[in-house]
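# Close look at the chain arrangement
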Amino acid sequence: MVGSLTWVPAVERPDLLAEPVAAVAGELPGARVAEIDPEAADTAVFSERYGVPLEASANCVIVAARRAGEVTHAACMVLATGRADVNGVVRRRLGARKASFAPMAEATSLTSMEYGGITPVGLPSGWPILVDEAVAAASEVVVGSGVRRSKLLLPGKVVAELPGAEVLALALPRGGTR
């Protein structure tokens, strides 16, 4: 297991999952969930409090890509040790002139998830999920559960096989460029 948390099969604790996550939890082989303090949901605090290495955590960010007045949303999955190359890889992959992080109210409204708990599991149908190669290659990664009071533990392979997922070189090192 990862960190000092008590992990249980996700299907046994739907009360710890956002509604769209709970709706598909049974389709996720190896998915486990652990209850956490919602005040410790942010990655750095979570890692320190529960002994989960940053390289075992993957962040999900929602991106809004714009071109000719059209907006496309996508989720980007990168390990907590890196950051998504939104202005390079993501923008080009989505065929956009401009890409940026979706505002908090927009991201939570569109996903039906809490900010700080957004996960690639249970996203709206048709959304691309851009998964960094390191996330896909990980034996297990800790991701959001759709709510701040818990985390999901998933095999990297399961993240890479979510509907709409595409594995690519997406991450930049924290504070770095390609």
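Residues numbered from 1 in each chain as written. Predicted model: local features only at pLDDT ≥ 70, side-chain atom pairs only at ≥ 80, totals over all residues. Heavy atoms only, no water.

## Describing the state of the cysteines
By the definition in use, this model includes 0 disulfides. Between cysteine 60, a free cysteine, and cysteine 76, which holds the nearest cysteine sulfur, the sulfur-to-sulfur gap is 7.9 Å. Overall, the relative accessible area of 14% leaves cysteine 60 in the buried class. Accessibility expressed as a relative area gives 0% for cysteine 76, which makes it buried. (Disulfide = S-S within 2.5 Å. Buried < 20%, exposed > 50% of the residue type's maximum accessible area, 1.4 Å probe, protein only.)

## Side note on the side chain of aspartate 132
Among the structural elements, aspartate 132 can be located in strand β7 (residues 129-132). You can call aspartate 132 buried: its relative accessible area is 8%. Here the side chain of aspartate 132 touches leucine 170 through a polar contact of 2.8 Å, landing on its backbone nitrogen. Among residues more than four places away in sequence, those in contact with aspartate 132 are Met77, Val78, Val167, Leu168, Ala169, Leu170 and Ala171. (Helix = DSSP H or I, 4+ residues; strand = E, 2+ residues; numbered from the N terminus. Polar contact = N/O pair within 3.5 Å; in protein donor to acceptor, adjacent residues only side chain to side chain. Contact = heavy atoms within 4.5 Å.)

Keep in mind these numbers describe shape, not what the thing actually does.
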